[in-house]
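Here is how the chains run, residue by residue.
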Amino acid sequence: SNYRTDKEGIVRIGIGRGSFGVDKLMDNMRELMNEIQSIKPESFGKGKKGKGGSAKGTKYYLKAHLSSTQSKGSVLVDLRTID
């Protein structure tokens, strides 16, 4: 999947359609989180460089929100349910 981050490290990417259902959306969210974790971004945490590589178990994401394209708000995702 192709995605970019802004200067603050925020990733905005589509993970599916509302018609996919909860299980499929969760699978896609899990896949995205695993992808971000596997590429070990060079910089993270408000654009700051990591110091000398990453420690084992480093998480490259702090929180996630889901929203639909036309919605007025978003829902905070409990990341403990993703792993």
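As the structure is a prediction and not an experimental result, all values here were calculated from the model. Sequence order sets the numbering: in each chain, residues are counted from 1 along the sequence as written. Local features in this predicted model are restricted to residues whose pLDDT is 70 or higher, and side-chain atom pairs enter the listing and the counts only when it is 80 or higher, whereas totals over whole chains, interfaces and linings include all residues. Excluding hydrogens and water, the side-chain figures rest on all heavy atoms present in the structure.

## Things to note about the overall build of the protein
Step number 1: Only runs of H or I of at least four residues qualify as helices and only runs of E of at least two qualify as strands under DSSP, and these elements are numbered from the N terminus. In terms of regular secondary structure, the protein is built from 1 helix and 2 strands.
Step number 2: Taken from N to C terminus, the helices and strands of the protein fall in the order α-β-β.
Step number 3: For the protein, the proportion of its 83 residues judged to be buried stands at 14%.
Step number 4: For the protein, the share of sequence-separated contacts (at least 6 apart) that also reach a separation of at least 24 residues comes to 33%. Burial classification: accessible surface area is computed with a 1.4 Å probe over protein chains only, and a residue below 20% of its type maximum counts as buried, one above 50% as exposed, and the rest as partly exposed. Contacts: residue pairs with any heavy atoms within 4.5 Å of one another.

## Points about the nonpolar core
Step number 1: Of all hydrophobic cores here, the largest spans 11 residues; its members are Ile15, Met29, Leu32, Met33, Ile36, Tyr60, Tyr61, Ala64, Val77, Leu79 and Ile82.
Step number 2: The element that contributes the greatest number of residues to this core is helix 1 (residues 22-39), accounting for 4 residues.
Step number 3: Among residues more than four places away in sequence, those in contact with Ile82 are Met26, Met29, Arg30, Met33 and Val77. In these notes, a set of buried Ala, Val, Leu, Ile, Met, Phe, Trp, Tyr and Cys residues joined through side-chain atoms within 4.5 Å is what counts as a nonpolar core.

## A short note on helix 1
Step number 1: When the terminal C-alpha atoms of helix 1 are compared, their 26 Å separation across 18 residues agrees well with the 26 Å that a helix rising 1.5 Å per residue should span.
Step number 2: Of the positions making up helix 1, those classed as buried are Met29, Leu32, Met33 and Ile36. Down the axis of helix 1, the smallest arc covering the buried residues is 95°, so these residues share one side. Every exposed residue of helix 1 that faces more than 90 degrees away from the buried side is listed here: Asp23 and Glu31.
Step number 3: If you follow the buried residues of helix 1, they end up packed against strand 1 (64-66) and strand 2 (75-77). Helices are assigned an expected span. That span is 1.5 Å times one less than the residue count. As used here, the arc is the angular range of directions from the helix axis to the C-beta atoms.

## Examining the environment of Met26
Step number 1: In this structure, Met26 sits in helix 1.
Step number 2: Once the C-alpha coordinates of Met26 and Gly16 are considered, the two residues, 10 residues apart in sequence, prove to be 9.6 Å apart.
Step number 3: In contact with Met26, not counting residues within four places along its chain, are Thr81 and Ile82.

## What about the environment of Ala64?
Step number 1: With respect to the helices, strands and loops of the structure, Ala64 is situated in strand 1.
Step number 2: For Ala64, a relative accessible area of 8% corresponds to the buried category.
Step number 3: For the pair Ala64 and Leu76, spaced 12 residues apart in the sequence, the C-alpha separation amounts to 6.0 Å.
Step number 4: Setting aside anything within four residues of it in sequence, one finds Ala64 in contact with Met29, Met33, Val75, Leu76, Val77 and Leu79.

## Some remarks on the confidence of the model for the protein
Step number 1: When pLDDT is averaged along the protein, the result is 76, and 76% of the positions lie at 70 or above.
Step number 2: Values of pLDDT, the confidence the predictor places in each residue, fall between 0 and 100. Mean pLDDT across the secondary structure elements of the protein bottoms out at strand 1, with 82, and peaks at helix 1, with 86.

## Quick word on the environment of Asn34
Step number 1: For Asn34, the location among the structural elements is in helix 1.
Step number 2: C-alpha of Asn34 to C-alpha of Ile82: the two residues are 48 residues apart in sequence and 9.5 Å apart in space.

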